[in-house]
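Breakdown of the fold
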Amino acid sequence: MATVKISRREGLKLLAAAGFGSAAASFGAVRFAYSADGQVLVVGLDISDTNSFDPGRQFVYSAPITMHATYDTLVTMAAGDYETVRPSLATSWEVENGGKSLLFHLRDGVKFSSGNPLTAEDVKFSFERLINLKDNPAELASNIESVEVVDPLTVRVVTKDPLQPLITLLVGPTFAISDSKVVQEQGGTSAADADTTDKATSWLDSNSAGSGPYVLTRWEPNAQIVLEKNPTYWGKPAGFERIVLQHIPESATQLITIERGDIQAALNLTSPQLDGLKGNADISIVEGTSLDYVYMTLTSSAELNPALAKKEARQAIAYAINYDELIKGLVGGYATAPPSFVPNGLGGMTEELTKEIGYRYDPEKAKALLKEAGLENGFSFDLSYGDASVAGTTYSLIAQAIQAQLAAVGITANLQPLDQSTARDKYRAGELASFLTFWNPDGPEPWTWASASVQRVAKRVRWEVPAEVTEMVNKAGGAPTAEESRSWYRKYAEALIDNTNYIILFQPIYRVAVRNSIKNWEMTAAGWQVDLGVVEPG
């Protein structure tokens, strides 16, 4: 593989010549990898949020792209079809005891990248380690009571509540199956005290222990992720010898490098930049529906902000935001607006329901709510966000737009940009009065969104969730019919809308620029954005 290094001076010249002054101002030394023979795929994207590649710990937006390329799950879903569960490491499965357990039959002949064969022991180890690490992803496994090895290629997963969803959750990268022998050699354990005794994470952050089409060989935070072809992969061989996920946080730099052919895909271009590429014969714009969204949190804590502790003040913010203007102005209209924490397309959520029960731009109502809260002269609060790209725009631009809209009704948003690591840590610790962030699915199951909103995310906004709201989520997840489930999700959405700790700003439509030198780039909303394993040279 050859490499080219663009110096700061050269980068400044390129950006200035292209008319990107702001990009030129922030351009640093960026290294791009390329291959003259087409055996290396280079993807430009923002990976500043990535903090781990340990299956039991990764829980951010960008990491699942790598996780899905390097690990397999028992079951999967095809792009565009988020209802049909398909075989992966498990070739078939049966529901037992009225849904109390699921019996999985594993694919014979699968080997991990180490050469070790896949067995039921690896499934048991992976799920038990996930649970016992007690990190954020463990919440998704809360309905697993036990994992039993029936024979080397058969494993039983026993649930705590047969009415709660499980099979759709197993699609996500959180339930990746790891090579138990390799992980244990690196200090990993699935024991009950894994949260204090497991030592494998540091190794897993730069190496993978999966059976996917690629192997993780290097991660340089805020620089690049390198994947190598897995020669032992059980499926169709990977299309490239190497994939480089190059950290390019500035969309203008992504635009220049994809036009020059230094990268083959650009994931964080703005809507105007994407529209400007439509006449380029060497580049295609790939679109796809998403289950992701950008949202804004508002604390219930009087300690963090006395005004926001009042529900009416939070509601005033929600009605002071012009959602249509955000969608048109920031992402060129390529987005929709869900009513609440479950995205459109799942659980009966639709744009029509948003118009019926969701927030709408109504500045007069916002002013009336401020008066009701005893804040007719307005109030101020800190709006924090990560310094990063998101959904074809940036958190900074979103924050500035919201700041201007709130000012029109007398609310002052003090913008507080943070580096991604600090932003993530402060948000998860419940230290921020308001935060702009992004939600991407752990799997296309509405219960994962709803349960998070009344559990771990509720703690971040210091909301003491009423028991009846939690019960709505449980009933929605365990309802015997889709109609009944949708009814409970609607009641749950109405409760969240009334409380106003979460304001869903927009649910983007994926748009990615891809050079025609590659093919099979399919966007998916299942939780990993794109399946790199099927992308091939064009």
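Check the entry above for the structure.
A few points on the structure. Every chain is numbered on its own, with residues counted from 1 as its sequence reads. In keeping with the model being predicted, local features are shown solely for residues with a pLDDT of at least 70 and side-chain atom pairs are shown and tallied solely at 80 or more, while totals for entire chains, interfaces and linings include all residues. No hydrogens and no water enter the side-chain calculation; it runs on all heavy atoms of the structure.

**A word on the overall build of the protein chain**
Here is the rule: Secondary structure counts use DSSP, requiring at least four H or I residues in a row for a helix and at least two E residues in a row for a strand, with both numbered from the N terminus. Every radius of gyration here is taken over C-alpha atoms, with the globule rule written as 2.2 Å times N^0.38, N being the number of residues. Any residue under 20% of the maximum accessible area for its type is buried, any over 50% is exposed, and the rest in between are partly exposed; the area is computed with a 1.4 Å probe on protein chains only. Contacts are assigned to residue pairs that have any heavy atoms within 4.5 Å of one another. Computed with a 1.4 Å probe, the accessible areas rest on the Shrake-Rupley method; for each residue, only the protein chains presented here act as cover.
Assigned secondary structure in the protein chain consists of 19 helices and 25 strands. Whereas a compact globule of 538 residues would reach a radius of gyration of roughly 24 Å, the protein chain reaches 23 Å, a difference of no more than 12%. Taking the principal axes of its C-alpha atoms as reference, the protein chain extends roughly 70 × 65 × 40 Å. In the protein chain, buried positions account for 58% of the 538 residues. In the protein chain, the proportion of contacts linking residues at least 24 apart, taken out of those at least 6 apart, comes to 69%. Summing over all exposed atoms, the protein chain offers an accessible surface of approximately 20,400 Å²; the carbon and sulfur share of this is 48%.

**Considerations on the sheet that holds strand E15 (residues 293-298)**
Rules: Any two strands with at least two DSSP bridges between them are considered paired.
Ordered in space as E16-E22-E15-E21-E17-E20, the 6 strands form an open sheet in which the pairing is mixed. Looking at the sheet topology across the chains shown, the edges are occupied by strand E16 (335-336) and strand E20 (411-418). With 8 bridges connecting them, strand E17 (residues 379-386) and E20 associate as parallel partners. Looking at the pairing, Tyr385 lines up with Pro417 of E20.

**Describing the sheet that holds strand E11 (residues 224-229)**
Short version of the rule: Every axis corresponds to a line fitted to the C-alpha atoms, with the helix fit spanning only the stretch in contact, and the corresponding angles, defined between N-to-C directions, vary from 0 to 180 degrees.
Taken in spatial order, the 7 strands make up an open sheet running E10-E11-E12-E3-E13-E23-E14, and their pairing is mixed. Both edges of this open sheet fall to strand E10 (214-220) and strand E14 (283-288), since each of them pairs with a single strand only. One ladder, built from 6 bridges, connects strand E3 (residues 40-45) with strand E12 (residues 242-247); its direction is parallel. Paired with Val42 across the bridge in E12 is Val244. On top of the sheet, helix H3 (residues 63-70) reaches E3, E10, E11 and E12; it is set at about 145° to E10, its chief contact. Relative to strand E23 (residues 510-515), helix H8 (residues 251-260) is tilted by about 35°, and along the sheet it contacts E3, strand E13 (265-266), E14 and E23.

**Regarding helix H19 (residues 482-499)**
Heads up, the rule is: By definition here, a helix of n residues has an expected span of 1.5 Å times n minus one.
For H19, built from 18 residues, the straight-helix expectation of 26 Å at 1.5 Å per residue is met to within 8% by its first-to-last C-alpha distance of 26 Å. The set of residues buried in H19 consists of Ser485, Trp488, Tyr489, Tyr492, Ala493, Leu496, Ile497 and Asn499. Next to the buried residues of H19 lie helix H10 (311-320), helix H12 (351-357), helix H16 (446-454), helix H18 (467-478) and strand E22 (502-508). Note on H19: the residue one or two positions beyond its end, Thr500, has a positive phi of about 60°.

**Examining the packing of aromatic side chains**
Counted only if it meets this: Put simply, two rings from Phe, Tyr or Trp (the six-membered ring, in Trp's case) pair if the centres are within 6.5 Å, and we call them stacked under 30 degrees between planes, edge-to-face over 60, tilted for the rest. Sitting over a ring, as applied to charges here, requires NZ of Lys or CZ of Arg to be within 6 Å of the ring centre and within 35 degrees of the ring normal.
Applying the stated rule across the entire model yields 16 aromatic pairs. Geometrically, the ring pair formed by Tyr295 and Trp439 is edge-to-face, given 6.3 Å between the ring centres and 65° between the ring planes. Remark: Trp439 occurs in strand E21 (residues 434-439) and Tyr295 occurs in strand E15; sequence separation between them is 144 residues. Considering the side-chain rings of Tyr319 and Tyr359, the 5.9 Å spacing of their centres and the 85° angle between planes classify their relative orientation as edge-to-face. With a gap of 40 residues between them, Tyr319 in helix H10 and Tyr359 in the loop between H12 and helix H13 (363-372) connect regions that are remote in the sequence. Ring pairs connect the aromatic residues Tyr293, Tyr295, Phe341, Trp439, Trp463 and Tyr502, which therefore count as one cluster. The side chain of Lys491 reaches across the aromatic face of Trp488, ending 4.6 Å from its centre. Over the ring of Tyr334 we find Arg511, and its NZ or CZ is 3.6 Å from the ring centre.

**Re H3**
Burial within H3 is extensive, with 8 of its 8 residues counted as buried. Of all the residues in H3, the buried ones are Ala63, Pro64, Ile65, Thr66, Met67, His68, Ala69 and Thr70. The secondary structure elements touched by the buried residues of H3 are E3, strand E4 (75-76), E10, E11 and E12.

**What to know about the pairing of E10**
Every other side chain in a regular strand lies on the same face of the sheet, so the side chains alternate between the two faces. In terms of strand pairing, E10 meets E11 through 6 bridges, oriented antiparallel. If you follow Leu216 over to E11, its bridge partner there is Leu227. Counted between consecutive antiparallel strands, the loop separating E10 from E11 contains 3 residues, among which Asn222 sits at a positive phi close to 60°.

**Quick look at the environment of Thr270**
Within the secondary structure layout, Thr270 lies in the loop between E13 and helix H9 (271-276). Between the alpha carbons of Thr270 and Ala391 there is a distance of 8.0 Å; along the sequence they are 121 residues apart.

**Re the pattern of salt bridges**
This is how the line gets drawn: The term salt bridge refers to a pairing of a side-chain nitrogen on Lys or Arg with a carboxyl oxygen on Asp or Glu at a separation within 4 Å.
Taken as a whole and judged by the stated rule, the model has 27 salt bridges. Of the charged contacts, one joins Asp81 and Arg86 as a salt bridge, the two residues approaching to 3.1 Å between their closest N and O atoms. On the accessibility criterion, Arg86 (33% relative accessible area) is partly exposed. Measuring nitrogen to oxygen at the nearest pair gives 3.9 Å for the salt bridge that ties Arg360 to Asp362. Accessibility expressed as a relative area gives 42% for Arg360, which makes it partly exposed. Here the salt bridges do not stand alone but share partners, grouping Asp54, Arg57, Arg129, Asp135 and Asp198 into one network.

**A look at unusual backbone geometry**
Here the phi dihedral of Arg462 falls at roughly 55°; this positive angle occurs in a residue that is not glycine. With respect to the secondary-structure elements, Arg462 resides in the loop between helix H17 (456-460) and H18. Despite not being glycine, Asn520 has its phi angle at roughly 70°, a positive value. Positionally, Asn520 belongs in the loop between strand E24 (518-519) and strand E25 (536-537).

**Side note on the environment of Lys181**
Within the element layout of this structure, Lys181 appears in helix H5 (residues 180-185). For the pair Lys181 and Ala209, spaced 28 residues apart in sequence, the C-alpha separation works out to 9.2 Å. Excluding residues within four positions of it along the chain, Lys181 makes contact with Asn116 and Asp122.

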